[in-house]
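# Coordinates in review
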Amino acid sequence: MSSLIALELMINGDRMRVSAEAHWTLLELLRYEIGLTGSKQGCDKGDCGACTVLVDGKPQLSCLILAGTAPGKQIQTIEGLQPAHRKAGGTGLDPVQDAFDRCGALQCGFCQSGMMLSARALLNENPTPDRAEIREALSGNLCRCTGYTQIVEAVELAVAESVGAEPKTPSWAKDKPWTESLSSKKGGGDQ
Amino acid sequence: MLRLPKFNLVSPKSIDEVVQALADSKGRGRILAGGTDLLPNLKHEFIEADIVVSLGEVDELRGIEVSADGGLSIGPLTSLADIASNEHVLRIAPALAQAAGTVAGPQHRIMGTIGGNVMLDTRCQWINQSHFWRSSLGFCLKKDGTACHVVEGGSRCVAAASNDTAAALASLGASLDFQNAPTEHGDGKRTLEFEALFKADGAWNKKVTPTELLTRIHIPATPRGHRGGYVKLRLRGSIDFPLLGVASRLDLDEAGKIEHADLVVIALQARPTRVRKAAKLLIGTTPGQANYDTAVAQVMDAAYKQCTPLPNIPGDHEWRQEMVPVYVKRALAAALG
Ligand SMILES: Cc1cc2nc3c(=O)[nH]c(=O)nc-3n(C[C@H](O)[C@H](O)[C@H](O)COP(=O)(O)OP(=O)(O)OC[C@H]3O[C@@H](n4cnc5c(N)ncnc54)[C@H](O)[C@@H]3O)c2cc1C
Ligand code: SF4
Ligand code: FES
Ligand code: FES
């Protein structure tokens, strides 16, 4: 019954001409047609947030968006996070990505792209959220591994560094001086 | 992976085009707003559609306005996030803002609309499952089956109305404008009092058909001393549907005495449950005084007796009943701030 429809989409700042079937979700289009597999297919029914992308800057669930309703909107996936940061004059990774890396805010990583996009959307709107605001903004992203603590701390680290403040001591560092160990983690090492 | 079944998609730009597309679908069309309920249900295959009519480009269905009488006129395509934070809603209809702010998680409130919440399908732990899961168990009355897994021998589906904003909108005396395509018999428009929308059949708990377009939500003006609250019981505070939801309304006179009171409970059965008789016990009392506290204890007791949760949605139903008085008390406290 359904047939291919031609779509013109804006994905990570690039204009793309693609075709899709009417019953395809944006997530399916991204992953299986365009090859952007950073958006994860977790529950595929709106429960988990692993498929979160930014639509006109706001976090939305790409498993519950029909591809055919996406034209005219700015879609940002995890693949576009660092390019957007660089385009805005930044260097290296987006500070959210960098903080997730240094805080070890992941285990299996399945939730991570959605988490980082929700965090990025929050920081774009509110550059200095407190812990309650961070938790609220990430509350639609489920993580089955980390227990969330390091994830929240990663966002706090990104916030603190952006305003030049001393980051709060994270839970795992107890009273030890830890900012140095964090910066020595910068650039890798398997923590 | 949960694939959507095949359908066609149309994205009209005006109300007139939407109702025409729905009329042309001969009952096989479905309305798509934020999609956060429709798409999971289509994926679970207990809703079917040949044509999905997206409202996304119909700008006339968006927006929150203060009406001439000082009430609210809300376009159904307004997002729940906007409802929850809008200054007029917070002032005129605080229970609605609170209810919208507790629907699902942040992404759902950005995508999900107030119209989609009003028109939300009922929920039951035996139906909100994949087709494969349901086929293994045996289908039920709501779709493709002849038995109910909740009420043994039951002949009617008792899936629960689970829309948080419904309790608030009922307590606010809202009304709803619907539109069908015009025919030789009339212009296709009708207005329903909020509670008149619902019937006690969980298979389809609305008195309008799935292809009737909700075009506007009206909330009458509330008096200066109006207070409203909404609280819900759920397992995870971040995202879950209500296991029980209570909206409260208290209108105070200048001296702080209650002139009008209402309580509406959601997530019990297919319709919102109004516990008005119980709420009336509050009238004439003054919050902060002993007569109010005595009345609250009576209201809690009366609500407990009137509300009988079923094992339709998750959460032990006897526990949910024990929580009725607790949440009635919290809803009243939420109204008073
Ligand atoms: C994980 C998860 C958790 C959730 N938790 C909650 C919760 O706690 N509380 C809650 O209330 N909901 C919850 N929801 C459901 C949903 O997100 C909300 O109810 C939302 O408001 C639905 O709005 P929508 O615009 O996405 O609706 P859609 O999915 O677009 O539509 C829902 C229904 O309404 C119909 N419809 C939509 N707009 C109109 C219109 N203008 N006229 C006529 N019919 C219309 C559609 O045809 C469909 O049948 C949850 C969903 C998920 C996936
Ligand atoms: S209440 Fe009964 S008929 Fe309705 S969805 Fe649940 S099991 Fe099916
Ligand atoms: S995959 Fe979209 S919310 Fe889980
Ligand atoms: S790291 Fe595994 S789900 Fe979050």
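Looking at ligand 1, there are 35 residues lining it, with I31, T36, L38, T113 and D164 of chain B nearest. Ligand 1 is flanked by residues contributed from chains A and B. One of the backbone nitrogen or oxygen atoms of S162 of chain B is found 3.3 Å away from an oxygen atom of ligand 1. Protein chains shield 98% of the accessible area of ligand 1, which is 970 Å² for the free molecule. Secondary structure elements with two or more residues in the shell around ligand 1: strand 2 (29-32), helix 7 (114-118) and strand 8 (213-219) of chain B. For the shell around ligand 1, a count of residues per class yields 16 nonpolar, 12 polar and seven charged.

On inspection of all chains with the given rule, the structure shows 27 salt bridges over all chains. With a shortest N-O distance of 2.8 Å, E156 of chain A and R131 of chain A are connected by a salt bridge. Of the two residues, E156 of chain A is situated in helix 6 (residues 149-162) and R131 of chain A in helix 5 (residues 131-137); the sequence distance between them amounts to 25 residues. For E156 of chain A, a relative accessible area of 11% puts it in the buried group. Take R131 of chain A: its relative accessible area is 36%, and that puts it in the partly exposed class. With its nearest N and O atoms 3.6 Å apart, the salt bridge here joins R62 of chain B to D59 of chain B. A relative accessible area of 38% places R62 of chain B in the partly exposed class. Here D59 of chain B falls in the exposed class, since its relative accessible area comes to 54%. Bridged by salt links that share partners, the residues R28, E48, D50, K143 and D144 of chain B form one connected network.

Before going further, it helps to spend a moment on the sheet that holds strand 3 (residues 52-55) of chain A. Residues and elements named next belong to chain A. Strand order in the open sheet formed by five strands is 2-1-5-3-4, and the pairing between neighbours is mixed. This sheet does not close on itself; its edge strands, each paired only once, are strand 2 (14-21) and strand 4 (58-61). Recorded for the sheet is a direction-independent mean angle of 45° between the axes of neighbouring strands. Bridge count for strand 1 (residues 4-11) against strand 2 is eight bridges, and the pairing is antiparallel. Counted as the bridge partner of M10 is R15 from strand 2. Against the sheet, helix 1 (residues 26-34) touches strand 1, strand 2, strand 3 and strand 5 (74-76), its axis set at about 105° to strand 2. Along the sheet, helix 4 (residues 112-125) contacts strand 3, strand 4 and strand 5; its crossing angle with strand 3, the most-contacted strand, is approximately 30°.

This part covers the site of ligand 2. Close contacts around ligand 2 come from C124, W126, I127, C140, L141, K142, C148, H149, V150, C157, V158 and A159 of chain B, and that covers them all. Here the residues of the shell around ligand 2 are counted per class, giving 10 nonpolar, one polar and one charged.

Note: most peptide bonds trans; most residues except glycine with negative phi. Residues and elements named next belong to chain B. Although it is not a glycine, K26 adopts a positive phi angle of roughly 50°. With a relative accessible area of 70%, K26 lands in the exposed category. We note that E45 has phi near 60°; this positive angle belongs to a residue other than glycine. With respect to the helices and strands, the residue E45 is situated in the loop between helix 2 (38-43) and strand 3 (51-54).

Residue and element names in this part refer to chain A. Considered domain by domain, chain A is made up of domain 1 (4-76) and domain 2 (82-185). If you average the C-alpha positions of domain 1 and of domain 2, the two centres end up 25 Å apart. Listed per partner, the contact involves 16 residues of domain 1 and 12 residues of domain 2. A buried area of about 1000 Å², summed over both sides, lies between domain 1 and domain 2, and 57% of it is on carbon and sulfur atoms. The interface formed by domain 1 and domain 2 contains one salt bridge. At the boundary of domain 1 with domain 2, the tally comes to five residue pairs in polar contact (both at pLDDT 80 or more). Of all the elements in the fold, those that place two or more residues in the side of domain 1 that touches domain 2 are strand 3 and strand 4. When residues of the side of domain 1 that touches domain 2 are assigned to their parent elements, the largest contribution, three residues, is made by strand 3. For the side of domain 1 that touches domain 2, the class distribution of residues is five nonpolar, eight polar and three charged.

All names here are of chain B. Taken as a whole and judged by the stated rule, the model has two aromatic pairs over all chains. Ring geometry for W126 against W133: centres 6.2 Å apart, planes inclined by 35°, an arrangement best described as tilted. Here the guanidinium or amino end of R123 rests over the ring plane of F241, the centre of that ring lying 3.7 Å away. The ring centre of Y327 lies 4.8 Å from the NZ or CZ of R330, which sits over that ring.

Criteria and thresholds
- Residues numbered from 1 in each chain as written.
- Chains lettered and ligands numbered in written order.
- Predicted model: local features only at pLDDT ≥ 70, side-chain atom pairs only at ≥ 80, totals over all residues.
- Heavy atoms only, no water.
- Near = heavy atom within 4 Å.
- Polar contact = N/O pair within 3.5 Å; in protein donor to acceptor, adjacent residues only side chain to side chain.
- Areas by Shrake-Rupley, 256 points an atom, 1.4 Å probe, with all protein chains shown as cover.
- Helix = DSSP H or I, 4+ residues; strand = E, 2+ residues; numbered from the N terminus.
- Nonpolar A, V, L, I, M, F, W, Y, C, P; charged D, E, K, R; others polar.
- Salt bridge = Lys/Arg side-chain N within 4 Å of Asp/Glu carboxyl O.
- Buried < 20%, exposed > 50% of the residue type's maximum accessible area, 1.4 Å probe, protein only.
- Pairing = 2+ DSSP bridges.
- Axes fitted to C-alpha atoms, helices over the stretch in contact; angles between N-to-C directions.
- Contact = heavy atoms within 4.5 Å.
- Domains from an automatic or database assignment.
- Buried area = accessible area lost by both parts, 1.4 Å probe.
- Phe/Tyr/Trp six-rings, centres within 6.5 Å; stacked < 30°, edge-to-face > 60°.
- Lys NZ or Arg CZ within 6 Å of the ring centre and 35° of its normal.

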